[in-house]
Amino acid sequence: MNEVSVRFAPSPTGFLHVGGARTALFNYLFARHNKGKFVLRIEDTDQERSEKEFLDEILTSLKWIGIDWDEGPIYQSERFGIYQEQAQKLLSTGLAYEEKTERGVAIRYKPKTESIKFNDLIRGEIEFKEGFEDIVIMKSDGTPTYNFACVIDDAQGGITHIIRGEDHISNTPKQIVLYKALKFNVPCFAHLPLILGEDRSRLSKRHGAVALSAYKDEGYLPQALFNFLALLGWSPGDNREILTKKELMNLFTLDRINKSNAVFDVEKLKWMNKRYLKNTSDADFKKEVSVFIEREGYLNDYQALEDDKRDDLFRLLKPRAHTFKEYAQNLNYIFSSDYPKDAEAVKKHLSEEKNNEMFSALKERFKKIEDFSKEKIEQEIRALAVEINAEAKELIHPLRVLLTGREVSPPLFELMEILGRDEVLVRIESFLT
Ligand code: GLU
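Rules behind the numbers
- Residues numbered from 1 in each chain as written.
- Predicted model: local features only at pLDDT ≥ 70, side-chain atom pairs only at ≥ 80, totals over all residues.
- Heavy atoms only, no water.
- Helix = DSSP H or I, 4+ residues; strand = E, 2+ residues; numbered from the N terminus.
- Rg over C-alpha atoms; globule rule 2.2 N^0.38 Å.
- Buried < 20%, exposed > 50% of the residue type's maximum accessible area, 1.4 Å probe, protein only.
- Contact = heavy atoms within 4.5 Å.
- Areas by Shrake-Rupley, 256 points an atom, 1.4 Å probe, with all protein chains shown as cover.
- Near = heavy atom within 4 Å.
- Polar contact = N/O pair within 3.5 Å; in protein donor to acceptor, adjacent residues only side chain to side chain.
- Nonpolar A, V, L, I, M, F, W, Y, C, P; charged D, E, K, R; others polar.
- 1 Å grid on protein atoms, 1.4 Å probe; cavity = no way out; pocket = protein on both sides within 12 Å on 5 of 7 lines; lining within 4 Å.
- Points joined across faces, edges and corners; volume = space filled by probe spheres on them.
- Pairing = 2+ DSSP bridges.
- Axes fitted to C-alpha atoms, helices over the stretch in contact; angles between N-to-C directions.
- Core = buried A, V, L, I, M, F, W, Y, C linked by side-chain atoms within 4.5 Å.
- Disulfide = S-S within 2.5 Å.
- Salt bridge = Lys/Arg side-chain N within 4 Å of Asp/Glu carboxyl O.

Engineer: Help me understand the overall build of the protein chain in this model?
Structural biologist: Each helix and strand counted, the protein chain has 20 helices and 12 strands in total. Relative to its length of 433 residues, the protein chain is extended, with a C-alpha radius of gyration of 30 Å against a globular reference of 22 Å. Counting only C-alpha atoms, the protein chain reaches 100 × 45 × 35 Å along its principal axes. In the protein chain, buried positions account for 50% of the 433 residues. Look at the contacts in the protein chain between residues 6 or more apart in sequence, and 73% of them connect residues 24 or more apart. Roughly 21600 Å² of accessible area belongs to the protein chain as shown, and the carbon and sulfur atoms make up 46% of that amount.

Structure below.
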């Protein structure tokens with residue numbers, strides 16, 4: 001049997017989106033699983049719409065997520081002569097004909113068939129009984145159409161399996177016609193299910209970020225995305241969800257690809273990313289997160305913290321972070337006096353009259369503590385609770401909302417120790433006045 005050979009063939013007319021990344025990933029895993037070859041081809045025949053910026057972004061995104069290719073990039077724009085040559089061949093056999101248009105001469109191929117059947121490795125047998133009008137193979141500007149160039153490159157490149165999105169399924173019968181016309185072997189086809197947003201419509205910008213690079217900017221780890229995308233339409237056959245690249249390569253087979261569409265569940269991605277972040281070494285985490293802290297504008301303050309306070313903060317925030325960006329944004333209530341306040345939390349916990357008295361009393365107690373440590377802070381809060389005959393949580397919840405702007409935060413006493421007495425008193429004071 002031939003060595004397995006697959007390719008990913010993006011057009012540099014836009015950023016690499018998660019759907020494209022998933023296609024690349026499945027091809028890559030399939031190649032690695034079968035010890036075959038993974039080729040990267042750039043379909044840049046439309047030179048007006050192809051842009052260097054998009055090309056660079058696609059290559060960077062692929063490398064970022066951990067997909068490397070064995071061959072390429074092969075640029076279609078460097079192969080125009082080959083497409084011309086193949087078109088001439090079809091013309092000379094009389095199977096294709098020239099068509100004069102306003103802009104020049106196009107070339108069409110006239111299929112001799114009325115139906116095409118093929119066995120899709122995911123969807124099973126598919127038959128097309130229409131759509132066999134004459135196929136444009138060369139446009140009047142002398143460039144090949146997608147279907148023509150694609151067939152020639154796949155055939156000449158010895159591609160054995162075409163794994164691509166379901167949106168290309170209607171191109172497949174035309175391509176099979178062209179394989180046969182050019183006397184090439186027809187490869188196997190596997191069309192991947194669509195990726196849907198949570199409302200079950202096709203994933204698009206409306207659903208949020210679709211460019212892979214946006215996930216990098218949001219502070220996701222490439223390993224987490226790799227794992228997440230691998231499970232978009234494929235599963236290992238058991239309940240495992242956290243799988244390393246190695247495990248995925250070992251397990252990946254086409255028969256485990258679902259026929260039904262996959263749903264892009266951002267909450268799941270966040271959960272997964274949190275798991276990966278937890279397992280990141282402290283050193284790596286610190287290195288990566290500093291870019292995000294800088295973007296939020298807290299890097300100077302962060303670095304100016306005493307070492308042990310910064311370490312405490314790190315210890316509190318790292319295991320709770322879903323993304324690097326979230327980690328950095330959670331510094332807002334540490335370093336900024338006008339941190340956002342969750343309106344609902346404020347309404348629920350800070351709107352009662354009796355809070356004023358409680359905060360005044362706390363303030364006095366905090367002033368008198370000798371060292372403002374988490375143990376002492378807790379002691380004072382509990383002592384006051386007993387004194388006013390309240391439960392400790394009746395003090396802690398409002399205090400948390402006051403100091404962090406939110407209902408959920410890392411352990412409050414530890415945060416307060418990091419904030420320091422002066423800052424805590426300032427915040428209580430400003431609430432009271
Ligand atoms: N350039 C095409 C695309 O980006 C490739 C389709 C294919 O894989 O055949 O959709």
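Engineer: Quick question: what am I supposed to make of the site of the ligand here?
Structural biologist: The environment of the ligand is made up of R7, A9, P10, S11, E43, Y146, C150, R164 and H168. Here R7 contributes a side-chain N or O atom positioned 2.7 Å from an oxygen atom of the ligand. Protein chains shield 79% of the accessible area of the ligand, which is 290 Å² for the free molecule. Per-class residue counts for the shell around the ligand are 4 nonpolar, 2 polar and 3 charged.

Engineer: Can you help me understand empty space enclosed by the protein in this one?
Structural biologist: Any empty space left between atoms is shown by rolling a water-sized probe over those atoms. As enumerated under the stated definition, the model contains 1 cavity of 30 Å³ or more in all. In this structure, the largest cavity spans a volume of roughly 40 Å³. Forming the boundary of the largest cavity are D312, R315, K374, E414, E417 and I418. Contributions of two or more residues to the lining of the largest cavity are made by helix 12 (307-317) and helix 19 (412-419). For the lining of the largest cavity, the element with the most residues is helix 19, which contributes 3 residues.

Engineer: Hey, could you run me through the layout of surface pockets in this one?
Structural biologist: Each pocket or cavity is described by its volume, and for the largest pocket that value is around 1100 Å³. Taken together, 44 residues line the largest pocket, and the ones lying closest to its centre are S11, H17, G20, D167 and H168. Put simply, the parts of the chain that give the lining of the largest pocket at least two residues each are strand 1 (5-8), helix 1 (18-33), helix 4 (146-156) and strand 9 (161-165). Tallying contributions element by element places helix 1 first for the lining of the largest pocket, with 5 residues.

Engineer: Could you clarify how one ought to interpret the sheet that holds strand 3 (residues 71-75) in this entry?
Structural biologist: If you trace the 3 strands from one edge of the open sheet to the other, you get 1-2-3, paired in parallel fashion. In the strand order of this sheet, the two ends are held by strand 1 and strand 3, each with one partner. Looking at each pair of strands side by side, their axes are set apart by 25 degrees on average, direction ignored. Packed on one face of the sheet, helix 1 meets strand 1 and strand 2 (37-42) and runs near 165 degrees to strand 1.

Engineer: Whenever I open this one, the nonpolar core confuses me. Can you help?
Structural biologist: Here is a general trend for soluble globular proteins: nonpolar side chains tend to be buried in one another's company. Residues L229, F264 and Y327 are the most contacted members of the largest nonpolar core, which totals 79 residues. Top contributing element to this core by residue count: helix 1, with 9 residues. One finds Y109, I126, F148 and Y179 within the second-largest nonpolar core, a separate group that totals 32 residues.

Engineer: Any chance you could explain the state of the cysteines here in plain terms?
Structural biologist: Evaluation of the coordinates by the stated rule reveals 0 disulfides. For C150, which is in no disulfide, the shortest distance to another cysteine sulfur is to C188 and amounts to 15 Å. Accessibility expressed as a relative area gives 33% for C188, which makes it partly exposed.

Engineer: Looking at this structure, how should I read the sheet that holds strand 5 (residues 104-109)?
Structural biologist: Note on sheets: strands pair through backbone hydrogen bonds, and any given pair is parallel or antiparallel. The sheet built from 3 strands is open, its strands ordered 4-5-8 with antiparallel pairing. Of all strands in the sheet, those bounded by a partner on one side alone are strand 4 (96-101) and strand 8 (135-138). In this sheet, adjacent strand axes meet at a mean angle of 45 degrees when their direction is disregarded. Sheet topology places strand 5 next to strand 8; 3 bridges connect them, and they run antiparallel. Within strand 8, the position partnered with I107 by the bridge is M138. Docked against the sheet, helix 3 (residues 80-92) engages strand 4, strand 5 and strand 8, running at close to 130 degrees with respect to strand 8.

Engineer: Even after reading the chapter, I still don't get the pattern of salt bridges, so can you show me in this structure?
Structural biologist: For the structure shown, the criterion picks out 33 salt bridges. Residues R32 and D70 are paired through a salt bridge, measuring 3.0 Å at the closest nitrogen-oxygen approach. Pair noted here: R32 is in helix 1 and D70 is in the loop between helix 2 (52-65) and strand 3, with a separation of 38 residues, a long-range link. Residue class for D70 comes out partly exposed when judged on its relative accessible area of 41%. Here K367 makes a salt bridge to E364, at a shortest N to O gap of 3.7 Å. Pair noted here: K367 and E364 are both in helix 16 (residues 354-368), with a separation of 3 residues, about one helical turn. The class for K367 is partly exposed, based on a relative accessible area of 43%. In the salt-bridge network here, residues are joined through shared partners; they are R7, R41, E43, R79, D153 and D154.

Everything listed is a geometric property; what it means functionally is a separate question.
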